[in-house]
Amino acid sequence: MLSDEQNLAKATTVAGVDALNGVFYGTFPYPWRPESFHFPADPGHGSGFLAQDLGDFVHDRAAPRRIWVAGCGTNQAVFAALTFPDAEVVGSDLSVASLELCASTAATMGLANLTLRHESIFDAGYHDEYDLVICTGVIHHTGDPPRALACLAGALRADGVLELMVYNRFHRIVTSAVQKAIQLLAGGAAQAELATEMRIAEALVGSFRPAALTTQFLGQMQGRPAAMLADTLVQPVEFSYTVESLAALAASCGLEIVAPCPNEHDKAAGRLSWNLTFAAPELVSRYAALDDLTRWQVTNLLLAEASPMLWFYLQPRASRLPRASERQMTEAFLDTVFRRVDARQRFWVQQADGGYALSPRLIAYPPGRRDPAVSQLCEQVDGLRSMRELLGARAADHAFCNQARLLLTTSAFPFLEATHGEWI
Ligand SMILES: C[S@@+](CC[C@H](N)C(=O)[O-])C[C@H]1O[C@@H](n2cnc3c(N)ncnc32)[C@H](O)[C@@H]1O
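Residues numbered from 1 in each chain as written. Predicted model: local features only at pLDDT ≥ 70, side-chain atom pairs only at ≥ 80, totals over all residues.

*Asks:* Sorry if this is basic, but what is going on with the overall build of the protein chain here?
*Replies:* Assigned secondary structure in the protein chain consists of 18 helices and 14 strands. On C-alpha atoms alone, the protein chain measures out to a radius of gyration of 22 Å, which is about the 22 Å that the 2.2 N^0.38 rule sets for 424 residues. When the 424 residues of the protein chain are sorted by exposure, 42% land in the buried category. (Helix = DSSP H or I, 4+ residues; strand = E, 2+ residues; numbered from the N terminus. Rg over C-alpha atoms; globule rule 2.2 N^0.38 Å. Buried ≥ 20, exposed ≤ 12 C-beta atoms within 10 Å, placed from the backbone.)

Here is the structure:
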């Protein structure tokens, strides 16, 4: 698991790294506060699209009642509490400053379903309590990711789901190189002081000009908030993974990867799909014959820095609800009758004093445009005919159908919802 791309020089003991992270994220709470918090006005929307992300169009999965946002930072637990208003949400973090920001936002909004706790994932000690655990961008910064993941796995109920994001190794090659260079310039990993590292990072961003990938990368940091600069260039510790090493890590904790979690970052970067298309027939058939994990690993290796983030749903191997393969999810999609979502969303807007006020306006939901490749299909949806009926001969084109499922029925593209009880 260890490799030269990783930044582990300060990874001493679990408690030592927790202490470093407490100071680091206490100084630079992550992420910076957004200008607005949007959330669906329909309280069942979050749970419905969570189920659809997992290929469950009949809502076999109960709506989550207890949610843990582990390493919640400044905003994520607020978003979870708004998206799942009928659930009890617990947010925990090492950073007091992040929790204070989160608490003040929650207080402004009068969120009654959010509890915040200052605790490490390693000390939380939850057992068999949560239907949904959300942990993104956290365990790879700890001193012992396998142990952190085991703590998250232990907190899940038998049929619970974990939304996990860890760094994709191919996204971290340049960042890790720059992080290590900064540590050396600051006097070596053991001595490097946070303030010195930040000064060096700022000086590099402002002045490094050789014709190199690192220059391009540092250039993108210009004018960015300090918390982003710190998070990208001055991380105390970071591990990174491939699909294969993440699957092995999950297995060591009794978990399995269920499906990619469509997320806003990949959506913005236009790199959501874990499936490649090939021109050569032999490649098409060999690739299609692979199981999901092997296929996604091939995609990870071939697309490298352009592959999606390692942002997946996981569940206990012993879950009562067996994992559906991507092909099975697409078959279930084809057998489902959908209706178009024509709903509303509400939003809290940041005020001059930094607080938030609920806008009286209700705006259209889902936001954004449909992908042109599936727009016409979406228009044909009538709440009566299944996708298979609508698609006719095209239903045999698995790649297209899988793409349509992703671009029309997931939480990142919530354009269609299953008409409950009309399972064909
Ligand atoms: C990159 S931020 C991600 C924040 C949030 N999950 C998000 O995606 O917006 C990492 C967060 O993990 C927290 N963290 C790191 N190690 C932790 C641990 N052992 N227990 C709890 N939180 C931890 C940090 O304090 C920081 O707030």
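*Asks:* Is there a simple way to explain the pairing of strand β6 (residues 156-166) in this structure?
*Replies:* Note on strand geometry: in a regular strand, side chains alternate between the two faces of the sheet. Bridge analysis of strand β5 (residues 130-136) against β6 gives six bridges, and the strand direction is parallel. Bridging from a neighbouring strand, Y130 pairs with L156 of β6. Where β6 and strand β8 (residues 310-316) come together, five bridges link them in antiparallel fashion. Paired with L162 across the strands is L314, a residue of β8. (Pairing = 2+ DSSP bridges.)

*Asks:* How do you make sense of the nonpolar core when you look at a structure like this?
*Replies:* Side chains of a nonpolar character, in soluble globular proteins, are inclined to be buried together. Judged by nonpolar contacts, the single largest core of 88 residues is most densely connected at I67, A77, V89, V133, L152 and L162. Looking at this core, the element that brings in the most residues is helix α6 (residues 145-155), giving six residues. When residues of this core are assigned to domains, at least three map to each of domain 1 (14-169 + 238-270 + 308-328) and domain 3 (330-418). What A77 contacts, discounting residues up to four positions off in sequence, is V69, C72, V89, G91, C102, L114 and L116. (Core = buried A, V, L, I, M, F, W, Y, C linked by C-beta atoms within 7 Å. Domains from an automatic or database assignment. Contact = placed C-beta atoms within 7 Å.)

*Asks:* I would appreciate a short explanation of helix α2 (residues 45-53) in the present structure.
*Replies:* The α-helix winds at 3.6 residues per turn, so residues separated by three or four positions along the chain end up facing the same way. For α2, the buried fraction is high: nine of the nine residues fall into the buried class. All of the buried residues in α2 are H45, G46, S47, G48, F49, L50, A51, Q52 and D53.

*Asks:* When you look at the packing of helix α11 (residues 243-252) against helix α14 (residues 292-303) in this model, what are you seeing that I'm missing?
*Replies:* What describes two packed helices is the angle between their axes and the distance between those same axes. In contact at an axis separation of 8 Å, α11 and α14 are set at 140° when each is read in the N-to-C sense. In this view, α11 runs oblique relative to α14, as classed from their interaxial angle. Together, V243, E244 and A247 of α11 and L293, W296, Q297 and N300 of α14 make up the contact between the two elements. Counted by class, the contact of α11 with α14 contains four nonpolar, two polar and one charged residues. (Axes fitted to C-alpha atoms, helices over the stretch in contact; angles between N-to-C directions. Parallel < 35°, antiparallel > 145°, perpendicular 65-115°, else oblique. Nonpolar A, V, L, I, M, F, W, Y, C, P; charged D, E, K, R; others polar.)

*Asks:* In this structure, what is going on with the sheet that holds strand β7 (residues 255-260)? I would like to understand it.
*Replies:* Spatial ordering of the open sheet is given by β4-β3-β2-β5-β6-β8-β7, a layout of seven strands whose pairing is mixed. Of all strands in the sheet, those bounded by a partner on one side alone are β4 (114-118) and β7. Sheet twist, expressed as the mean angle between neighbouring strand axes with direction ignored, is 20°. The sheet contact formed by strand β2 (residues 66-70) and strand β3 (residues 88-93) spans five bridges and is parallel. Across the sheet, residue I67 finds its bridge partner in β3, namely V89.

*Asks:* Quick question: what am I supposed to make of helix α18 (residues 398-409) here?
*Replies:* The end-to-end C-alpha distance of α18 is 16 Å, a good match for the 16 Å that twelve residues give at a rise of 1.5 Å each. Residues of α18 that are buried include every one of C401, A404, R405, L406, L407, L408 and T409, and no others. (Expected span 1.5 Å × (residues − 1).)

*Asks:* Before we go on, may I ask you to explain the site of the ligand in this structure?
*Replies:* Close to the ligand lie 23 residues, the nearest being Y25, G71, G73, I121 and G137. The set of elements that each furnish at least two residues to the shell around the ligand consists of α1 (14-27), β3 and α5 (121-124). Counting residues per element, the shell around the ligand draws most heavily on α1, which supplies three residues. Of the residues in the shell around the ligand, the class split is eight nonpolar, twelve polar and three charged. (Near = placed C-beta within 6 Å.)

*Asks:* Just to check I follow, could you spell out the domain arrangement of the protein chain for this structure?
*Replies:* The parts lose accessible area when they come together, and the size of an interface is often stated as this lost area. As assigned here, the protein chain comprises domain 1 (14-169 + 238-270 + 308-328), domain 2 (171-233) and domain 3 (330-418). Relative to domain 3, the C-alpha centre of domain 1 lies at a distance of 23 Å. Listed per partner, the contact involves 28 residues of domain 1 and 28 residues of domain 3. Where the side of domain 1 that touches domain 3 is concerned, the elements lending two or more residues are β1 (36-40), α2, α4 (96-109), α12 (264-269) and α15 (326-334). If you tally residues by element for the side of domain 1 that touches domain 3, the top one is α2, at six residues. Of the residues contributing to the side of domain 1 that touches domain 3, the split by class is ten nonpolar, ten polar and eight charged.

*Asks:* Explanation requested: the packing of α15 against α18 in the structure shown.
*Replies:* In contact at an axis separation of 9 Å, α15 and α18 are set at 75° when each is read in the N-to-C sense. Taken together, the axis directions place α15 and α18 in an arrangement best described as roughly perpendicular. From α15, E326, R327, M329, T330, F333 and L334 reach across to α18, where they touch H398, C401, N402, R405 and T409. Among the residues making up the contact of α15 with α18, the classes are represented as four nonpolar, four polar and three charged.

*Asks:* Got a minute to help me understand unusual backbone geometry in this structure?
*Replies:* Excluding glycine, most residues fall at negative phi; most peptide bonds, likewise, are trans. The peptide bond linking Y30 to P31 adopts the cis configuration, its omega dihedral lying at -10°. When you line up the elements, P31 lands in the loop between α1 and β1. Residue D128 is not a glycine yet carries a positive backbone phi of 55°. On the secondary structure map, D128 appears in the loop between α5 and β5. A tally of 10 C-beta atoms within 10 Å means that D128 is categorised as exposed. Look at A304: it is not a glycine, yet its phi comes out positive at around 45°. Considering the arrangement of structural elements, one finds A304 in the loop between α14 and β8.

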